[in-house]
Amino acid sequence: MTRKRSTKTVDRNPAGWPLAEYDRGYPGVQKCRSVLDRAAKGLLPCDELTVWRVRTSTRGLVATGYFCDQHLPQQAP
Ligand SMILES: [Zn+2]
């Protein structure tokens, strides 16, 4: 099996990650990424503070997700 060529960077911001500049006008911090999973299960969105930022870089494409302590995905060993 070939491993996918991607690197993952995880940063923690105890105060929560602020919204991007172009999102000004919305108060507060990033929303927890689990919101989509939860919506699919009919659960209410997660309102926990998003202290984790996960950036996954795959062949030059960077995907960024924000998670609260509870919903941070398990890290691959
Ligand atoms: Zn969450």
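Scroll up a little and you will see the structure.
These remarks concern the structure in this document.

### A closer look at unusual backbone geometry
One non-glycine residue, R59, lies in the positive phi region at around 50°. Here R59 falls in the exposed class, since 7 other C-beta atoms lie within 10 Å of it.

### Considering the sheet that holds strand β1 (residues 6-12)
Judged by pairing direction, the sheet is antiparallel, and its 3 strands sit side by side in the order β1-β2-β3 without closing on themselves. Across the chains shown, the open sheet's two edge strands, defined by having one partner strand only, are β1 and β3 (61-67). Taken pair by pair, the neighbouring strands of this sheet meet at an average axis angle of 15°, ignoring direction. Bridge count for β1 against strand β2 (residues 52-58) is 7 bridges, and the pairing is antiparallel. Paired with S6 across the two strands is T58, which belongs to β2.

Analysis parameters
- Residues numbered from 1 in each chain as written.
- Predicted model: local features only at pLDDT ≥ 70, side-chain atom pairs only at ≥ 80, totals over all residues.
- Buried ≥ 20, exposed ≤ 12 C-beta atoms within 10 Å, placed from the backbone.
- Pairing = 2+ DSSP bridges.
- Helix = DSSP H or I, 4+ residues; strand = E, 2+ residues; numbered from the N terminus.
- Axes fitted to C-alpha atoms, helices over the stretch in contact; angles between N-to-C directions.

Everything listed here is a matter of geometry and, on its own, says nothing about what the molecule does.
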